[in-house]
Amino acid sequence: MNKPLILVVEDDPPVRNLITTTLKTNDYRYLVAAKGEEAILEASSHNPDIMLLDLGLPDIDGIEVIHNIRSWSNLPIIVISARSEDTDKIEALDAGADDYLTKPFSVEELLARLRVTQRRLSYMSAERQNNSSVFVNGNLKIDYAAGCAYLNGEELHLTPIEYKLLCLLSKNVGKVLTHTYITQNIWGRSWENDIASQRVFMATLRKKLEPSPDSPQYIQTHIGVGYRMMRVE
Ligand code: CA
C-alpha cells in the first residue's frame, strides 16, 4: 500500500518543521504549502489523502480554504487552530473540516488525529464497496433498513430521537459533528435550547449504549464543540 500523502498547510516554519519531521519518521509522505492559495493549488494538483490546515494564514483565511476545497472535494481536513476559542473550531467544522488540533499540540496528538482520519477513510471506502445497509462498530450494530440497533446482539430500546442521533453519528463515524450540525439534522433548526436537549438525549443514549457511560467508548464529547463517534476495534 502507498504511504499516505499529507498536505501540510502552515506558515510558521518551526510548527511546519515539527509536523514534517513527525510525518517523515512515521512513514507518511507530505507536501507543504505556506499560504492558502498555494494550499488549494497543491490539493487540486496532487490529490493528497489528508490536509492539515492552519487557520491563520498570511493570504486568505483557513475557513475560506475549507469552503473552496469543499466545493469540489471530500478530502479530509484536520484544522490546526492557534486560537483557543471554540468558535474558530466550530466555524471550521461547520465549513466542512473533519477534525481539529489546538496549538500547542504534541507529536502523539498529531499522530492520533491522523490515525482516526485514516481509519475513517478506510471505513468509508469499504462502505462504498459493500454498499451495505448494516453498520458495525465494535459490539454495536445498526440495521438502517430495519431501523434497529443492537449491542452485543441484543436490541437497544431507543426513542426515535435517540435512534436518529445514533444514526447521524454512525454515518459520520470518526468525524466531529458540531452542536449546530446535529440540531439542524435532528430537529431541522438550531436554537440554543436544542443544544441543552441534545445533551439530555445524548446522556440517555449513552446510558443505553456505553458499558460505562462515564468513560464512553463510542461517543466522544468535545466540550463546547460537539460529539464524535469513535471507531471501536
Ligand atoms: Ca499561522
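Conventions adopted
- Residues numbered from 1 in each chain as written.
- Predicted model: local features only at pLDDT ≥ 70, side-chain atom pairs only at ≥ 80, totals over all residues.
- Heavy atoms only, no water.
- Pairing = 2+ DSSP bridges.
- Helix = DSSP H or I, 4+ residues; strand = E, 2+ residues; numbered from the N terminus.
- Contact = heavy atoms within 4.5 Å.
- Axes fitted to C-alpha atoms, helices over the stretch in contact; angles between N-to-C directions.
- Donors = N, O, S within 2.8 Å, 3.2 Å for Na, K, Ca; no water.
- Buried < 20%, exposed > 50% of the residue type's maximum accessible area, 1.4 Å probe, protein only.

1. Remarks on the sheet that holds strand 9 (residues 154-155)
Read from one edge to the other, the open sheet built from four strands follows the order 6-7-8-9, with strand pairing classed as antiparallel. The open sheet has two free edges, formed respectively by strand 6 (134-137) and strand 9, since each of these has just one partner strand. Pairing of strand 7 (residues 140-143) with strand 8 (residues 148-151), which is carried by four bridges, proceeds in the antiparallel orientation. Residue pairing for strand 8: K141 is matched across the bridge by Y150. Packed on one face of the sheet, helix 6 (residues 160-171) meets strand 6, strand 7 and strand 8 and runs near 105° to strand 7.

2. Some points on the coordination of the calcium ion
Looking at the calcium ion, one finds its protein donor set to be D11 (OD), D54 (OD) and G56 (O), positioned 2.2 to 2.3 Å from the metal centre. Mapping the donors of the calcium ion onto the primary sequence yields the spacing D-x42-D-x1-G. Among the residues examined, G56 registers a relative accessible area of 36% and is labelled partly exposed.

3. So, the side chain of R16
If you trace the backbone, R16 turns up in helix 1 (residues 13-25). Contacts of R16, omitting those with residues within four sequence positions, involve V8, E10, D11, V32 and A34.

4. Points about the environment of A149
Position of A149 among the secondary structure elements: in strand 8. Taking the relative accessible area as the measure of exposure, A149 reaches 2% and is therefore buried. Sequence-distant contacts of A149, that is, excluding residues within four places in its chain, are made with K141, I142, E154, E155, L156, L158, Y163 and L166.

5. Focus on the sheet that holds strand 11 (residues 219-222)
With respect to topology, three strands assemble into an open sheet ordered 10-12-11, the strand pairing being antiparallel. Strands at the two margins of the open sheet, each flanked by one partner only, are strand 10 (177-178) and strand 11. As paired strands, strand 11 and strand 12 (residues 226-229) are joined by four bridges and run antiparallel to one another. Looking at the pairing, Q220 lines up with R228 of strand 12.

6. Concerning the pairing of strand 3 (residues 50-54)
Most of strand 3 is tucked away: five of the five residues are buried. Burial along strand 3 is two-sided: I50, L52 and D54 and M51 and L53, pointing in opposite directions, are all buried. Note that strand 1 (residues 5-9) and strand 3 share four bridges and pair parallel. Considered in strand 3, the bridge of I6 is made with I50. Note: strand 3 against strand 4 (residues 77-81), four bridges, orientation parallel. Looking across to strand 4, one finds that M51 is bridged to I77.

That's the geometry; what it means functionally is another story.
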